[in-house]
Amino acid sequence: MSQTQDAQIPVTVLTGYLGAGKTTLLNRILSENHGRKFAVVINEFGELGVDNDLVVDADEEVFEMNNGCICCTVRGDLIRIISGLMKRKGRFDGIIVETTGLADPAPVAQTFFVDEDVKRATKLDAIVTVVDAKHLPARLKDSSEAQEQIAFADIIVLNKMDLVSADEAAEVERLIKQINPYAEIRRATKSDVPLDSVIGRDAFNLARILEKEPDFLSGEDHHEHDSEVNSVSFEVAKPIDAEKFNAWISQLLQTKGQDLLRTKGILYYAGDSRRFAFQAVHMIADGDYIGEVKEGDPRKSKIVFIGRDLNRPQLRRGFEACQVEG
Amino acid sequence: MADVAESDFLLATRGRAEELGAWVVGAVFDARNALAFALADGTLHLAGTTGDWKPVTAHDGAILSASADMQEGWLTGGDDGKLMRTAPDGATTTLADYKGKWVDHVAAHESGLRAAAVGKALHLLGPGGPLKTLAHPSSVGGIAFDTKGKRIAASHYNGASLWFVGAKEDKPRSLEWKGSHHAIAFSPDGTHVVTAMQEPSLHGWRLTDGQHMRMSGYPGKTRSLSFTARGRWLATSGAESIVLWPFFGGGPMGKAPTELAGGDAVFCTAVACHPQHEVVAAGFGDGLVLIAEIGSGKVVPVAPPSGSPVSALSWSPNGALLAFGTEAGRAGIIDLARRP
Ligand SMILES: [Zn+2]
């Protein structure tokens, strides 16, 4: 059933608090002339009307999977909607999914890993989070959803920049990077970012995220964290033993998965000329080979965790122990 | 089936196929054995073994679901929010307009009932118009009338609801099981309800005593469920073979399913049991269609692989005709009564 693989429709997920400018960005994407047509899945409590031929109202039905775990959830309505939209392939070039302000992005992301119909028909292009530069610091203090929306973002539109001073802007970027150093930050005033910086980015493509060196802040290790969500990353030089890695990561996700929001890795397995891309949202993991390594290229394996309560030394030792011996 | 010559498929000698250019959502025979293909471009194609097929535009958008209407003609639900009836002559009537909300599932019963699932609501209509609306805790994943048209079952998150259509006070019997349920079927004698779940497994309820039945082991999601005429077997898609669960001799609990026509490493995507005999038709992910006799396991090739998954499959009520459609828009009809 691989004949439809090549026709996967890109999906952009738009998250962000009410009033941050999410709907403004959505309407810009829909109204500007870029020659692309989108199907839009909007939540029923949307701020403004959305003007588009193909708008679908969603109920945000979050379903637990029947393993009984609270973090293993999918968006049931999205599975239904995407299956419906796919029957009319050719009518649009991409899908945009808007979530409600308080939504946890995990169920949306997990839907793209879990459901076979959704996986066959679509690919997650990017999670774009729109935040209000003025109010984000306060939100991060009082809301786990705000932290999660930053943690899950591939691209962050730092909006309403006209309302903050240069110092405030630097501080809010620092807070964002502390949670998620891999997200690309785009400053904006009225969600006025170039549209090709948020659409068609292929940002969920692992190879691309991890090739980019994260924008870690100097002295990050010693800094006192302002929010409970943060990230760690490790690199090892020796090839990875696939069996050891699988045993370690499945045990880790099983026991710590509720706190691990996103895990991403690029792995060089012993005796394999290809790179393996691994990613997980909470406990739900996915992986694929992403092409040959060029002769002479460094073969450093790397893993990144974004989550709560990350035990840095323990994670480091665990990953290092996955290297082949000798 | 890779080694079967094109001429050995029944389609070559007893049928015809056309390229209709859009995802075939339903291949639906009405009670009088007239066939229509319902397509995701909003059209119905009234089709037969001879003569030109007649296209009818029923929806401004995609058809999401299709069924036979009460005595004749077809019922369709669309992403334009409409419940439409198309008569055998191709005349269309708007039965209901749910204002842009998707009409995900439709069903009808010859006794004079129509049903349309729109999000969490299940609307029941009679020949004269709306009768009642039944509310569910989450979006409806599938609907089915029982054979007599006395009850309708609707699947949803954490189970299914069973409603008496004629009840004065609408209070469903809740069939509970954790998880998300979609495709749903009633056994022909009305004693069992079975659903397909998000996690690849089936769940069943024996209505007499509420006994739960778990049927698992599928590598893929089951989309299609079909009981044999007398309810002895439940045929299902979602594996690399046709998976049949025995509903006799104490089954399906504690019994292994029978698997037919497996071996090509392609998933079965649609099943349809013959209206009289213990024969099942199956469509696969590569477009292959075949018929299998359950007792003997004998397989007869019907249509060769066309490269696109079979998305619709059904028998005419008289059991003489079989129709199929694919995601890519190939639609076929085979006359099994006619001597080639
Ligand atoms: Zn979990």
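Residues numbered from 1 in each chain as written. Chains lettered and ligands numbered in written order. Predicted model: local features only at pLDDT ≥ 70, side-chain atom pairs only at ≥ 80, totals over all residues. Heavy atoms only, no water.

**Student:** Before we move on, could you go through the coordination of the zinc ion and cite the residues and values that matter?
**Tutor:** For a metal bound by four donors in a tetrahedral arrangement, the ideal donor-metal-donor angle is 109.5 degrees, while six donors in an octahedral arrangement ideally sit at 90 or 180 degrees. Residues and elements named next belong to chain A. Listed as protein donors to the zinc ion are Cys69 (SG), Cys71 (SG), Cys72 (SG) and Met283 (SD); their distances from the metal cover 2.2 to 2.7 Å. Around the zinc ion, the four donor atoms sit at angles spanning 95 to 126°, and that spread fits a shape best called tetrahedral. If you list the donors of the zinc ion from N- to C-terminus, the spacing comes out as C-x1-C-C-x210-M. Pair noted here: Cys72 is in the loop between β4 (62-64) and β5 (73-75) and Met283 is in the loop between β12 (274-281) and β13 (284-292), with a separation of 211 residues, a long-range link. Each member of the pair, Cys72 as well as Met283, is classed as buried. (Donors = N, O, S within 2.8 Å, 3.2 Å for Na, K, Ca; no water. Tetrahedral: all angles 85-135°; square planar, octahedral: opposite > 155°, others 65-115°. Helix = DSSP H or I, 4+ residues; strand = E, 2+ residues; numbered from the N terminus. Buried < 20%, exposed > 50% of the residue type's maximum accessible area, 1.4 Å probe, protein only.)

**Student:** Summarise the domain arrangement of chain A; cite the residues concerned and give the values.
**Tutor:** Residue and element names in this part refer to chain A. Each assigned domain of chain A is listed with its residue range as follows: domain 1 (9-204) and domain 2 (229-320). For domain 1 versus domain 2, the separation of C-alpha centres amounts to 25 Å. Taken together, the 24 residues of domain 1 in the interface contact 20 residues of domain 2. Of the roughly 1800 Å² buried between domain 1 and domain 2 on both sides combined, carbon and sulfur atoms contribute 64%. Viewed at the interface, domain 2 and domain 1 are joined by two salt bridges. Between Arg308 and Glu148 there is a salt bridge, with its nearest N and O atoms 3.0 Å apart. The tally of links from domain 1 across to domain 2 stands at four residue pairs in polar contact (both at pLDDT 80 or more). Among the residues forming the side of domain 1 that touches domain 2, the class breakdown is 16 nonpolar, five polar and three charged. (Domains from an automatic or database assignment. Contact = heavy atoms within 4.5 Å. Buried area = accessible area lost by both parts, 1.4 Å probe. Salt bridge = Lys/Arg side-chain N within 4 Å of Asp/Glu carboxyl O. Polar contact = N/O pair within 3.5 Å; in protein donor to acceptor, adjacent residues only side chain to side chain. Nonpolar A, V, L, I, M, F, W, Y, C, P; charged D, E, K, R; others polar.)

**Student:** Can you explain the interface of chain B and chain A? Please cite residues and give values.
**Tutor:** Taken together, the contact between chain B and chain A spans 31 residues of the former and 25 residues of the latter. Both sides together, the interface formed by chain B and chain A hides about 2400 Å², and carbon and sulfur atoms give 50% of it. When the buried area of chain B at its contact with chain A is split by residue, B:Trp23, B:Trp102 and B:Tyr157 rank highest and sum to 23% of it. There are eight salt bridges connecting chain B and chain A. For A:Glu116, the salt bridge identified is with B:Arg223, shortest N-O distance 3.4 Å. Connecting chain B to chain A are twelve residue pairs in polar contact (both at pLDDT 80 or more). Looking at the side of chain B that touches chain A residue by residue, the classes come out as eleven nonpolar, nine polar and eleven charged.

**Student:** With reference to specific residues and values, describe the pairing of strand β14 (residues 142-145) of chain B.
**Tutor:** Residue and element names in this part refer to chain B. Residues Gly142 and Ala144 line one face of β14 and the alternating positions Ile143 and Phe145 line the opposite face, and both faces are buried. With four bridges connecting them, β14 and strand β15 (residues 151-164) associate as antiparallel partners. In the sheet register, Gly142 faces β15, and the bridge partner there is Ser155. The hairpin formed by β14 and β15 contains five residues between the paired strands, and Gly149 there has a positive phi angle of roughly 75°. (Pairing = 2+ DSSP bridges.)

**Student:** Just give me the short version of the sheet that holds strand β8 (residues 82-86) of chain B, but keep the residues and values in it.
**Tutor:** Residue and element names in this part refer to chain B. Strand order in this open sheet of four strands is β6-β7-β8-β9, and the pairing throughout is antiparallel. Each having just a single partner strand, β6 (63-68) and β9 (92-97) make up the two edges of the open sheet. For this sheet, the mean angle separating the axes of adjacent strands, direction not counted, is 20°. The pairing of β8 with β9 spans five bridges and is antiparallel. By the bridge assignment for β9, Thr86 is matched with Thr92. (Axes fitted to C-alpha atoms, helices over the stretch in contact; angles between N-to-C directions.)

**Student:** Tell me about the packing of aromatic side chains, residues and numbers included.
**Tutor:** Residue and element names in this part refer to chain A. Under the criterion given, the structure shown has ten aromatic pairs over all chains. Note on Phe276 and Tyr289: the rings are 5.1 Å apart at their centroids and 80° apart in plane angle, and the pair reads as edge-to-face. With Phe276 in strand β12 and Tyr289 in strand β13, the pair connects residues that are 13 residues apart, well separated along the chain. A relative accessible area of 15% places Phe276 in the buried class. (Phe/Tyr/Trp six-rings, centres within 6.5 Å; stacked < 30°, edge-to-face > 60°.)

**Student:** An account of the pattern of salt bridges is needed here, citing residue identities and associated values.
**Tutor:** Inspection of every chain in the model, using the stated rule, returns 33 salt bridges over all chains. Among the ionic pairs, B:Lys221 bridges to A:Asp117, the shortest N-O distance being 3.2 Å. Remark: A:Asp117 occurs in helix α4 (residues 116-121) and B:Lys221 occurs in the loop between β19 (211-216) and β20 (225-227); the pair is interchain, linking two chains. Assessed through its relative accessible area of 6%, B:Lys221 is described here as buried.

**Student:** Can you lay out the sheet that holds strand β23 (residues 258-260) of chain B for me, pointing to particular residues and giving the numbers?
**Tutor:** Residue and element names in this part refer to chain B. Strand order in the open sheet formed by four strands is β20-β21-β22-β23, and the pairing between neighbours is antiparallel. Here the strands that pair on one side only, and so sit at the sheet edges, are β20 and β23. Across the sheet, the mean angle separating the axes of adjacent strands is 25° when strand polarity is ignored.

**Student:** Which residues make up the confidence of the model for chain A, and what values go with them?
**Tutor:** Residue and element names in this part refer to chain A. In the predicted model, chain A carries a mean pLDDT of 86, and the fraction of residues at 70 or more is 88%. Note that pLDDT drops below 50 for residues 1-5; the model gives that stretch eight contacts with residues more than four away or on any other chain. Note that residues 216-223 has pLDDT below 50 and, in this model, twelve contacts with residues that lie over four places away or in other chains. (pLDDT = per-residue confidence, 0-100.)

**Student:** Describe the nonpolar core, naming the residues involved and giving the relevant values.
**Tutor:** Residue and element names in this part refer to chain A. Ranked by size, the top nonpolar core spans 63 residues in total, and within it Val41, Leu85, Met86, Phe92, Ile95, Phe112 and Ile150 carry the most contacts. With six residues, the top contributor of residues to this core is helix α2 (residues 76-86). Residue contributions to this core reach at least three from each of two domains, namely domain 1 (9-204) and domain 2 (229-320). In this structure, Val236, Leu260, Phe276 and Ala280 belong to the second largest nonpolar core, which totals 21 residues. (Core = buried A, V, L, I, M, F, W, Y, C linked by side-chain atoms within 4.5 Å.)

**Student:** Requested: an account of unusual backbone geometry, with residues and values cited.
**Tutor:** In this structure, B:Pro252 follows B:Gly251 across a cis peptide bond, with omega equal to 5°. In this structure, B:Pro252 sits in the loop between β22 (242-246) and β23. Positioned with a positive phi, A:Lys160 is a non-glycine residue whose angle comes to about 60°. Relative to the assigned elements, A:Lys160 resides in the loop between β8 (155-159) and α7 (166-179). Assessed through its relative accessible area of 24%, A:Lys160 is described here as partly exposed. Non-glycine residue B:Lys99 carries a positive phi angle of around 55°. Mapped onto the elements, B:Lys99 comes out in the loop between β9 and β10 (105-109). Taking relative accessible area as the criterion, B:Lys99 reaches 70% and is therefore assigned exposed.

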